[in-house]
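Per-entry structural report
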Amino acid sequence: MWPNGTSLGPCFRPTNITLEERRLIASPWFAASFCVVGLASNLLALSVLAGARQGSSQARSSFLTFLCGLVLTDFLGLLVTGAIVVSQHVVLFDWRAADPSCRLCQFMGVIMVFFGLCPLLLGAAMASERYLGITRPFSRPAGASQRRAWATVGLVWASALALGLLPLLGVGRYTVQYPGSWCFLTLGAQPGDVAFGLLFTLLGSFSVGLSFLLNTISVATLCHVYHGREATQQRPRDCEVEMMAQLMGIMVVASICWMPLLVFIAQTVLRSPPAMSPSGQLSRATEKQLLIYLRVATWNQILDPWVYILFRRAVIRRLHPRLSARPRSLSLRPQLTQRRPVP
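Quick notes on the rules
Residues numbered from 1 in each chain as written. Predicted model: local features only at pLDDT ≥ 70, side-chain atom pairs only at ≥ 80, totals over all residues. Heavy atoms only, no water. Axes fitted to C-alpha atoms, helices over the stretch in contact; angles between N-to-C directions. Helix = DSSP H or I, 4+ residues; strand = E, 2+ residues; numbered from the N terminus. Parallel < 35°, antiparallel > 145°, perpendicular 65-115°, else oblique. Left-handed = near helix turned anticlockwise from the far one by under 90°. Contact = heavy atoms within 4.5 Å. Nonpolar A, V, L, I, M, F, W, Y, C, P; charged D, E, K, R; others polar. UniProt positions renumbered as here; feature names shortened; annotations may be inferred. Pairing = 2+ DSSP bridges. pLDDT = per-residue confidence, 0-100. Disulfide = S-S within 2.5 Å. Buried < 20%, exposed > 50% of the residue type's maximum accessible area, 1.4 Å probe, protein only. Phe/Tyr/Trp six-rings, centres within 6.5 Å; stacked < 30°, edge-to-face > 60°.

Details of the packing of helix α2 (residues 28-52) against helix α9 (residues 284-310)
- It is the contact of α2 with α9, at a shortest axis distance of 9 Å, that shows an interaxial angle of 30°. Of the possible angle classes, the one that applies to α2 and α9 is roughly parallel. The handedness of the crossing between α2 and α9 comes out as left-handed. On the side of α2, the interface is formed by Phe34, Val37, Gly38, Ser41, Asn42, Leu44, Ala45, Val48, Leu49 and Ala52, while α9 contributes Thr298, Trp299, Gln301, Ile302, Pro305, Trp306, Tyr308 and Ile309.
- Classifying every residue of the contact of α2 with α9 by side-chain character gives 13 nonpolar, five polar and no charged.

As for the UniProt feature "transmembrane region" (unreviewed entry) in the chain
- Per the UniProt entry, the sites bearing "transmembrane region" (unreviewed entry) are residues 29-51, 63-87, 107-128, 149-174, 194-226, 247-270 and 290-311 in this numbering.
- With 95% helix and 0% strand, residues 290-311 has end C-alpha atoms that lie 32 Å from one another.

Details of the packing of helix α5 (residues 103-135) against helix α6 (residues 145-164)
- Contact geometry of α5 with α6 gives a least axis separation of 8 Å together with a crossing angle of 145°. The two elements α5 and α6 cross, and the hand of that crossing is right-handed. On α6, the residues that touch Val110, Val113, Phe114, Leu117, Cys118, Leu121, Leu122 and Ala125 of α5 are Thr152, Val153, Val156, Trp157, Ala160, Leu161, Leu163 and Gly164.
- The residue makeup of the contact of α5 with α6, split by class, is 14 nonpolar, two polar and no charged.

Description of the pairing of strand β1 (residues 174-177)
- With four bridges connecting them, β1 and strand β2 (residues 182-185) associate as antiparallel partners. Its bridge partner being in β2, Thr175 is matched across the sheet by Phe184.
- The hairpin formed by β1 and β2 contains four residues between the paired strands, and Gly180 there has a positive phi angle of roughly 115°.

Regarding the confidence of the model for the chain
- Averaged over the chain, the pLDDT score is 84; the fraction of residues at 70 or greater is 81%.
- Confidence scores differ between elements of the chain, with helix α10 (residues 313-319) showing the lowest mean pLDDT of 68 and β2 the highest of 96.
- Note on residues 325-331: pLDDT is under 50 here. Beyond four places in sequence and across chains, it has 15 contacts.
- Of the regions scoring below 50 in pLDDT, residues 333-343 engages in four contacts with residues more than four places distant in sequence or in other chains.

Thoughts on the state of the cysteines
- One pass over the structure, following the stated rule, counts two disulfides.
- Here Cys11 engages in a disulfide with Cys102; their sulfurs sit 2.0 Å apart. Between Cys11 and Cys102, the S-S torsion sits near -80°, and that sign places the bridge as left-handed. One end of the pair, Cys11, is in the segment before α1 (19-25); the other, Cys102, is in the loop between α4 (95-98) and α5, with 91 residues separating them in the sequence.
- Overall, Cys11 belongs to the buried group, its relative accessible area being 0%.

Thoughts on the packing of aromatic side chains
- Counted by the stated rule, this structure contains seven aromatic pairs.
- Relative to Phe115, the ring of Phe114 has its centre 4.9 Å away and its plane inclined at 80°; by these criteria the two rings are edge-to-face.
- By relative accessible area, Phe115 is classed as buried at 10%.
- Relative to Phe200, the ring of Phe184 lies with its centre 5.8 Å away and its plane at 85°, an arrangement referred to as edge-to-face. On the criterion of sequence distance, the pair formed by Phe184 in strand β2 and Phe200 in helix α7 (residues 191-227) is long-range, its members being 16 residues apart. Of the two residues, Phe184 and Phe200, both sit in the buried class.
- An aromatic cluster is defined as three or more aromatic residues linked by ring pairs; in this entry it consists of Trp182, Phe184, Phe200 and Trp258.

Written out as C-alpha cells, the structure is:
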C-alpha cells in the first residue's frame, strides 16, 4: 500500500492535480462523443462483416472470422472502458469517493491490458494465417477453418486475460492514473512493476514485429506470383489481394497507435534514477505523456473497423473504376491440368 496515510485501497498514489484543474479538464460530453463514434464505427463494421461472410470462400471465411473477433473486441473495449471513463468525468475524477476499495480500479486495469493486447495479438494471428494461406496453401487441413479461427481467437482472449490478471496475483500493480479517470499498470521501480511493464511491452512489440515480418513475406510472395513467369496462369485472386491490403492497414494503424505507448512504458520503468518517487508520485510531464500516448492508442479501436470498411473491393473499385475491368484472376493454388496430345 502507498504511504497515503489513509485507509484507502492500494491503487491511490499522490497526484499532481487540484480541484480547479479537475473542473477545467473534466468533459463528460467529449468523452461520451469519442466513445459513441468508436462504437458506431465498430457496429457498422460488424454489419458489413455479417453480409460479407455469406458465400465467402474457405480462406476468406477464416480471415473474416479473425476480423469479426477483432472488431468485436474493439467494440467491447470501447463500451466497458468508455462507461467507466465517462462516469469519472461526471464526478470530476473523484475516484476515492466512487471506489475507495479499489475494486473498480483493479477491474479497469485488467480490461485495459486485455483490450490493449488483444488487437495486437489478433493482428499477429491474422498475419500468421495469411502467411500460411499464401506461402503454404496445402499445409493446412481443408475443413474446419472457421472453427479453427474461432479457437485461435479464444486462445488470444485467454492469453491476454491471463496476463491482465497477473497484478492481482502480486506481479505488478494497477493504480489510478492522471487525471483520475482511468487505471493502468504502475510505472514504478519495484521489481514487480518493472517485470509486468516489460512483459506487457515485449509481448505487444513482439506481436507488432511478427505481423510486420509475416506480412512483408506474404506481400512479397503475392508480388512474385503476380509478376512471375507463370503470372498468366496463376494470378492472385482479388480477395487475396484485398485481405492483404486490409491486414497491412490494420498493422500500420496498430503500429502507429501502440508503439509510442509501449516504448514509453519500457523507457519509464527502466529509467535511472526511477521516474516514480518512493511515495508513488510521477512528475507532471511524465503523467501527461502517459495520458497522451494512451489516447493515441485508443484510436486503434476506432480506426480498425474503418480499415476494413474502406479497404474493400467495392470501395476500391469505385475509387478506381479500371480495376473492375480487369479479367478475373485465378487462385494462388497451382492447378493441375492435363495436356491433351497434339494429333
